Amino acid sequence: MRFTDLMHRLKTAPEGVRKRMASKLSCAFVLLLACVSCIEPYEVDVPKQDNILIVESMLLDHPDYQQTRLYFQHQDGPRELIYNAIVSISNKAGDSWPLVVTYDGSYVPLSGSIEVAAGDEFQLEIAIGDSIRAVSTWEKVPEPSAIDTAFMEAKYRSVVNNRGIETTSKGIEIFVATKPVASENTYLRWTYEDTYAYDAPMASDLCSECQYCYIKEEVENFIELAEVLSSKGKVLSGKSIEFIEFDERFGIRFAVLVKQLTITKAAYEYYKSINQLNEARGSIFDPPPAVLRGNVSNNLRPTETVYGFFEVGKYSEASARITKSDIDFLIPSFYENCLVPNPGADCFDCRAREGATKVRPGYF
């Protein structure tokens, strides 16, 4: 009941009822004040910097994972990509590789990819203007632990919604199996990309290019980790890394490319902290969030915090596919989404859909 409705009922009620209602409202208001007074305000210890430097840097034995991105986080504004830094990576053997910036703000090796072998140690160096000379700690490349297979299953799964109520959902679960792990203690991280087939429901027969496309999706902000201790030579079998609820993407063919990264213990702890912060949804009863610091510091201003991480590791991948014939559940179709007033352009031309390509990905 809205407050205005409650006050109207209070004004129009008989005198005896008004007294009882007013008494209950007074008690409720006192109780509310008492509850509010129990919540003590807190302050998060975030450095007061004009431009907070954020570093996102990876060096793996795969050309797509040898890039660095730098940002300034302003106190009262959004992140700003940095294009004017001098960036390099060096190893303890005395070799150094300059990185050059690309149009999208990524810094990549100037001449081809860097060879990344297990046991090598690397350091990231960043210079920006006269105030930043940031360096990472030396990071040692771990022994690789390769992925063996990836597979998907259509299934029911119990999930808890944002109101804390457990419900049953149907979807696709992605699993991986690894080859024997190489080290006594191994730390793994997974991410993935997916592609699905899209048949534009209202495409004209006069446009052969409009009908059928492949829609590639880069999965962002996905971190799945595993810590494999005291298990050299053993395998992870049937490790679940993701559950995707059913939608129209599964109506023809759906494929994933799972990327398994063998990382250092320090990187594992860093990403584990990120997951813990993401799982804390901001309840007023939660403890204040930790200040997440990485392995990079500014030598010119040691008291200023640099956020982010320089990550080294080894890369492996595996793919999996599932088609409509593999699924027993009823799947919504793209056609249903187009039966609306003013359907989108992608209902007539598959190329108008975000991520569309006419080139079939190799793992599809």
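Residues numbered from 1 in each chain as written. Predicted model: local features only at pLDDT ≥ 70, side-chain atom pairs only at ≥ 80, totals over all residues. Heavy atoms only, no water.

## Brief notes about the overall build of the protein chain
Inference 1: For the protein chain, the count of helices and strands is four helices and 19 strands.
Inference 2: The buried share of the protein chain, taken over its 364 residues, is 40%.
Inference 3: For the protein chain, the share of sequence-separated contacts (at least 6 apart) that also reach a separation of at least 24 residues comes to 70%.
Inference 4: If you sum the accessible surface of the protein chain, you get close to 21100 Å²; carbon and sulfur atoms cover 51% of it. (Helix = DSSP H or I, 4+ residues; strand = E, 2+ residues; numbered from the N terminus. Buried < 20%, exposed > 50% of the residue type's maximum accessible area, 1.4 Å probe, protein only. Contact = heavy atoms within 4.5 Å. Areas by Shrake-Rupley, 256 points an atom, 1.4 Å probe, with all protein chains shown as cover.)

## Focus: the confidence of the model for the protein chain
Inference 1: Looking at the protein chain as a whole, its pLDDT mean stands at 84, while 83% of the residues score no less than 70.
Inference 2: In this model, residues 1-14 is a region of pLDDT below 50 whose contacts with residues beyond four sequence positions or in other chains number 12 contacts.
Inference 3: In this model, residues 282-290 is a region of pLDDT below 50 whose contacts with residues beyond four sequence positions or in other chains number nine contacts. (pLDDT = per-residue confidence, 0-100.)

## Things to note about the packing of aromatic side chains
Inference 1: Evaluated as defined, the whole model comprises 15 aromatic pairs.
Inference 2: Aromatic pair tyrosine 65 and tyrosine 315: ring centres 5.3 Å apart, planes at 35°, arrangement tilted. Residue tyrosine 65 is located in the loop between β1 (51-60) and β2 (66-74), and its partner tyrosine 315 is located in strand β18 (residues 307-323); the two are separated by 250 residues in the primary sequence.
Inference 3: Note on tyrosine 65: relative accessible area 11%, which makes it buried.
Inference 4: Using a relative accessible area of 14% as the deciding quantity, one classes tyrosine 315 as buried.
Inference 5: Taken together, a centroid distance of 6.1 Å and an interplanar angle of 50° make the contact between tryptophan 97 and phenylalanine 122 tilted. Of the two residues, tryptophan 97 is situated in strand β5 (residues 96-101) and phenylalanine 122 in strand β7 (residues 121-128); the sequence distance between them amounts to 25 residues.
Inference 6: Owing to a relative accessible area of 0%, phenylalanine 122 belongs among the buried residues under this scheme.
Inference 7: Through successive ring pairs, a cluster of aromatic residues spans Tyr156, Phe246, Phe250, Phe254 and Phe329.
Inference 8: Taking the ring centre of tyrosine 271 as reference, the NZ or CZ of arginine 189 above it sits at 4.2 Å.
Inference 9: Just above the ring of phenylalanine 364 sits the side chain of arginine 253; from NZ or CZ to the centre is 5.4 Å. (Phe/Tyr/Trp six-rings, centres within 6.5 Å; stacked < 30°, edge-to-face > 60°. Lys NZ or Arg CZ within 6 Å of the ring centre and 35° of its normal.)

## So, the side chain of glutamate 224
Inference 1: Among the secondary structure elements, glutamate 224 is positioned in strand β14 (residues 224-229).
Inference 2: At a separation of 3.2 Å, a polar atom in the side chain of glutamate 224 contacts the side chain of lysine 239.
Inference 3: Among all residues touching glutamate 224, those that are not within four sequence positions of it are Leu188, Arg189, Trp190, Lys239, Ser240 and Ile241. (Polar contact = N/O pair within 3.5 Å; in protein donor to acceptor, adjacent residues only side chain to side chain.)

## Here's the deal with the pattern of salt bridges
Inference 1: The full count for this structure, using the stated rule, is 15 salt bridges.
Inference 2: Beyond isolated ion pairs, a larger network of salt bridges with shared partners links Lys155, Arg157 and Glu173. (Salt bridge = Lys/Arg side-chain N within 4 Å of Asp/Glu carboxyl O.)

## Examining the state of the cysteines
Inference 1: This structure, assessed with the given rule, holds three disulfides.
Inference 2: Linked covalently through their sulfurs, cysteine 213 and cysteine 350 form a disulfide whose S-S length is 1.9 Å. When the S-S torsion is 55°, as for the bridge of cysteine 213 with cysteine 350, the disulfide is right-handed. Of this pair, cysteine 213 sits in strand β13 (residues 212-218) while cysteine 350 sits in the loop between α4 (334-338) and β19 (356-357), and the two are 137 residues apart along the sequence.
Inference 3: Cysteine 350 gets classed as buried once you look at its relative accessible area, which sits at 0%. (Disulfide = S-S within 2.5 Å.)

## A look at the side chain of aspartate 194
Inference 1: If you trace the backbone, aspartate 194 turns up in strand β12 (residues 185-199).
Inference 2: Buried and without a salt bridge, aspartate 194 has arginine 249 as its closest oppositely charged side chain, separated by 4.1 Å.
Inference 3: Contact partners of aspartate 194, with chain neighbours within four places excluded, come to Ile215, Lys216, Glu217, Val219, Arg249, Phe254, Ala255, Val256 and Tyr363. (Lys, Arg positive; Asp, Glu negative; His and termini not counted.)

## Structural notes on helix α3 (residues 265-279)
Inference 1: With 15 residues, α3 should reach 21 Å at 1.5 Å per residue; the first-to-last C-alpha distance of 21 Å fits that figure.
Inference 2: Within α3, the full set of buried residues consists of Ala267, Tyr268, Tyr270, Tyr271, Ile274 and Asn275. The arc that holds every buried residue of α3, seen down its axis, measures 165°, which confines them to one face. (Expected span 1.5 Å × (residues − 1). Arc of directions from axis to C-beta.)

## So, the pairing of strand β10 (residues 147-160)
Inference 1: Bridge count for β10 against strand β11 (residues 166-178) is 13 bridges, and the pairing is antiparallel. Counterpart to isoleucine 147 in the pairing with β11 is threonine 178. (Pairing = 2+ DSSP bridges.)

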